[in-house]
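One letter stands for each residue in the lines below.
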Amino acid sequence: GGLATASFDGEGVASRYKRVVDKGVLTTYLHNLKTAAKDNVESTGNASKPSYKATVGIAPSNFYIENGETSLESILQKMGKGLLIINVQGLHSGLNAVSGDFSLPATGYLIEDGKIVRPVDQITIAGNFFAMLKNVAMVGSDLTFGMPGTAYIGSPSLWIKQLSVSGA
């Protein structure tokens, strides 16, 4: 029912709802016909073909982290001191998709006593994606999606307990 909903994927396979991760357990990979045949499973209806000239790839649609029950304001209050990251750049060059390691420029706000104190710019956040997922302390109730495209991906606010930060 999201903005990227389609009855069929780029190969004509019926699209369907699926939980990729359920209660912390990976339950499926996303497949097109080629990768499904290779793994001896059914296609998940995630073939992506952005144009008629493009080769068939794989992409999620309406992919999101489910809402929690805590408002962003409550998360900030419980966090007390930290950073509210609102923008991350450089995913094309600062992320190793195999190891999960990342080092990315970011912007956001300094949080003290549970309140936004001032903006921060020209900082770098670094860590490992898989370790970061294990450090989620709280999930917000404010699910939002990025700009519609071929995937349409969303997330609520996440309180990450530990992440390396450098800059002012």
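Residues numbered from 1 in each chain as written. Predicted model: local features only at pLDDT ≥ 70, side-chain atom pairs only at ≥ 80, totals over all residues. Heavy atoms only, no water.

Section: a nonpolar patch on the surface
Next, step 1: Side chains of Val21, Leu26 and Tyr29 sit close together on the surface and give an oily, nonpolar patch of about 330 Å² of accessible area.
Next, step 2: Among the structural elements, valine 21 can be located in strand 1 (residues 21-22). (Patch = residues over 30% accessible without salt bridge, like charges linked within 9 Å, V, L, I, M, F, W, Y side chains within 5 Å. Areas by Shrake-Rupley, 256 points an atom, 1.4 Å probe, with all protein chains shown as cover. Salt bridge = Lys/Arg side-chain N within 4 Å of Asp/Glu carboxyl O. Helix = DSSP H or I, 4+ residues; strand = E, 2+ residues; numbered from the N terminus.)

Remarks on the nonpolar core
Next, step 1: If you look at the biggest cluster of nonpolar residues, it comprises eight residues: Phe102, Leu104, Ala106, Leu110, Val120, Ile123, Ile125 and Met132.
Next, step 2: The set of elements that each furnish at least two residues to this core consists of strand 7 (101-112) and strand 8 (115-128).
Next, step 3: Element by element, the count of residues in this core is highest for strand 7, at four residues.
Next, step 4: Residue contacts for phenylalanine 102: discarding those within four places in its chain leaves Gly94, Leu95, Ile125, Ala126, Gly127, Asn128, Phe129, Met132 and Leu163.
Next, step 5: By size, the runner-up hydrophobic cluster in this structure holds seven residues, among which are Ile75, Ile111, Met138 and Trp159. (Core = buried A, V, L, I, M, F, W, Y, C linked by side-chain atoms within 4.5 Å. Buried < 20%, exposed > 50% of the residue type's maximum accessible area, 1.4 Å probe, protein only. Contact = heavy atoms within 4.5 Å.)

Thoughts on the pattern of salt bridges
Next, step 1: Evaluated as defined, the whole model comprises two salt bridges.
Next, step 2: Between arginine 19 and aspartate 22 there is a salt bridge; the shortest N-O distance is 3.8 Å.
Next, step 3: Among the residues examined, arginine 19 registers a relative accessible area of 36% and is labelled partly exposed.
Next, step 4: The structure contains a network of salt bridges with shared partners spanning Arg19, Asp22 and Glu66.

A few points about unusual backbone geometry
Next, step 1: For lysine 23, which is not a glycine, the phi torsion comes out positive at approximately 55 degrees.
Next, step 2: In this fold, lysine 23 is placed in the loop between strand 1 and strand 2 (25-26).
Next, step 3: The class of lysine 23 is exposed, set by a relative accessible area of 81%.

A closer look at the sheet that holds strand 6 (residues 82-88)
Next, step 1: Read from one edge of the open sheet, four strands run 6-7-8-13, paired in antiparallel fashion. In this open sheet, the two edge strands, each paired with only one partner strand, are strand 6 and strand 13 (164-167). Going across the sheet, the axis of each strand differs from the next one's by a mean of 45 degrees, ignoring polarity.
Next, step 2: Judged from the four bridges that link them, strand 8 and strand 13 form a sheet pairing that is antiparallel. Counterpart to threonine 124 in the pairing with strand 13 is serine 166.
Next, step 3: Across the sheet, helix 2 (residues 72-79) touches strand 6, strand 7 and strand 8, and the angle it forms with strand 6 is around 135 degrees. (Pairing = 2+ DSSP bridges. Axes fitted to C-alpha atoms, helices over the stretch in contact; angles between N-to-C directions.)

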